[in-house]
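Summary of the model geometry
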Amino acid sequence: MSTAVSRGTSPVPPAGQPRLTVLSGPSGVGKSTVVAHMRKAHPEVWLSVSATTRKPRPGERDGVHYFFVDDEEFDKLVANGELLEWAEFAGNRYGTPRQAVLDRLAAGEPVLLEIDLQGARQVRTSMPEALLVFLAPPSWEELVRRLTGRGTESPEVIERRLAAAKVELAAESEFDVTLVNTSVEDVARELLALLR
Ligand SMILES: Nc1ncnc2c1ncn2[C@@H]1O[C@H](COP(=O)(O)OP(=O)(O)OP(=O)(O)O)[C@@H](O)[C@H]1O
Ligand SMILES: Nc1nc2c(ncn2[C@@H]2O[C@H](COP(=O)(O)O)[C@@H](O)[C@H]2O)c(=O)[nH]1
């Protein structure tokens, strides 16, 4: 059964231009899990690798999960206009390298960004043809369970992320489509259909 809710007419890229899709949603809702599941079956789907000042979690690799940079390097990326969008989230900075995205789109390939609400709003302004997809949890309790159960953040950081989650959940109506992450398989299939 479909979990998708569409709002109005979704933006359409100019003729011949591939689609830029933004996936957002509260921390712990399952964005990375859904995208990883989709890319396992469809490795051709290109996901932008963000730069971040956050420290790597166990198993995260530089250049694969993120480009891990220090504050000074991030400042330079911002000053040189190398980021398509960037935001501070729960005490760290995150940004999308601009050139790689533009190169992919110029090559006629769809682009997927997995970014927070602030970044999604910036993309909406700079690239209004982008499709904004919101990944929602089945319930608040389940979101807390997932974020806590992941076991990657301290209780203090979890509190910060949950505070941000309240703001993000309140902004759901700004997105073109909502997918409720009850089933990773269902959402991955629906997201793939939206990308194409
Ligand atoms: N549909 C689902 N049912 C149950 N658990 C799920 C589901 N989707 C994801 N999870 C679990 O929820 C936890 C958080 O998922 P994930 O790390 O993908 O979230 P995220 O939205 O990418 O978070 P962040 O924004 O903090 O990076 C993980 O432990 C993952 O296994
Ligand atoms: N605005 C941006 N947000 C980003 C980017 N890359 C990731 N994110 C979002 O940050 C939070 C936290 O991520 P985590 O890996 O520390 O759990 C999450 O909502 C990501 O989607 C980015 O380039 N720009």
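Basis of the calculations
- Residues numbered from 1 in each chain as written.
- Chains lettered and ligands numbered in written order.
- Predicted model: local features only at pLDDT ≥ 70, side-chain atom pairs only at ≥ 80, totals over all residues.
- Heavy atoms only, no water.
- UniProt positions renumbered as here; feature names shortened; annotations may be inferred.
- Helix = DSSP H or I, 4+ residues; strand = E, 2+ residues; numbered from the N terminus.
- Buried < 20%, exposed > 50% of the residue type's maximum accessible area, 1.4 Å probe, protein only.
- Contact = heavy atoms within 4.5 Å.
- Salt bridge = Lys/Arg side-chain N within 4 Å of Asp/Glu carboxyl O.
- Phe/Tyr/Trp six-rings, centres within 6.5 Å; stacked < 30°, edge-to-face > 60°.
- Near = heavy atom within 4 Å.
- Polar contact = N/O pair within 3.5 Å; in protein donor to acceptor, adjacent residues only side chain to side chain.
- Areas by Shrake-Rupley, 256 points an atom, 1.4 Å probe, with all protein chains shown as cover.
- Nonpolar A, V, L, I, M, F, W, Y, C, P; charged D, E, K, R; others polar.
- Core = buried A, V, L, I, M, F, W, Y, C linked by side-chain atoms within 4.5 Å.

**So, the UniProt feature "domain: Guanylate kinase-like" (unreviewed entry) in the protein**
- Those residues carrying the UniProt feature "domain: Guanylate kinase-like" (unreviewed entry) are residues 18-196 in this numbering.
- End C-alpha atoms of residues 18-196 are separated by 8 Å, and the span's content is 44% helix alongside 20% strand.

**Focus on the environment of A90**
- When you line up the elements, A90 lands in the loop between β5 (83-89) and β6 (92-97).
- Looking at A90, the relative accessible area reads 19%, which means it is buried.
- Sequence separation between A90 and A188 is 98 residues; the distance between their C-alpha atoms is 26 Å.
- Apart from residues no more than four positions distant in its own chain, A90 is found in contact with R160 and R161.

**With respect to the pattern of salt bridges**
- Counted under the stated rule, the structure contains 15 salt bridges.
- Here R57 ties to E60 by a salt bridge, and the two come within 3.9 Å at their closest N and O atoms. Judged on exposure class, the residue R57 and its partner E60 are both buried.
- The salt bridge involving R104 is made with E109; its shortest N-O contact spans 2.4 Å.
- Classification of E109 as partly exposed rests on a relative accessible area of 29%.

**A word on the packing of aromatic side chains**
- By the definition in use, this model includes five aromatic pairs.
- Aromatic pair Y66 and Y94: ring centres 5.9 Å apart, planes at 55°, arrangement tilted. Of the two residues, Y66 is situated in the loop between β3 (51-52) and β4 (67-68) and Y94 in strand β6; the sequence distance between them amounts to 28 residues.
- Looking at Y94, the relative accessible area reads 13%, which means it is buried.
- Grouped by ring-pair contacts, the aromatic residues Y66, F68, F89 and Y94 constitute a single cluster.

**Some points on the UniProt feature "binding site: ATP" (unreviewed entry) in the protein**
- Taking the UniProt record as the reference, the feature "binding site: ATP" (unreviewed entry) is found at G25, P26, S27, G28, V29, G30, K31 and S32.
- Mapped onto the elements of the fold, V29 is located in the loop between β2 (20-24) and α1 (31-41).
- Using a relative accessible area of 0% as the deciding quantity, one classes V29 as buried.
- Not counting the four nearest positions on each side in its chain, V29 is found in contact with L135, A136, P137, L143, R146 and N181.
- Assignment of secondary structure puts K31 in helix α1.
- For K31, a relative accessible area of 14% puts it in the buried group.
- Here K31 is in contact with L23, S24, G25, P26, E114 and L135, once residues within four sequence places are set aside.

**Details of the site of ligand 1**
- Near ligand 1, the surroundings consist of 15 residues, among which S27, K31, S32, T33 and R150 are the closest.
- R146 places a polar side-chain atom, nitrogen or oxygen, 3.2 Å from a nitrogen atom of ligand 1.
- Isolated, ligand 1 exposes 640 Å² of accessible area, and the fraction of that covered by the protein chains is 75%.
- Elements with a contribution of two residues or more to the shell around ligand 1: α1 and α5 (140-150).
- Broken down by class, the residue content of the shell around ligand 1 amounts to three nonpolar, seven polar and five charged.

**Regarding the nonpolar core**
- Counting residues in each nonpolar core, the largest one holds 21 residues, and the members touching the most others are L23, M38, L112, L135, L179 and L191.
- Counting residues per element, the ones that place at least two in this core are α1, β8 (131-136), β9 (177-180) and α7 (184-195).
- Broken down by element, the residue count for this core peaks at six residues, all from α7.
- Filtering out sequence-adjacent residues up to four positions away, L191 remains in contact with L23, V34, V35, M38 and L179.

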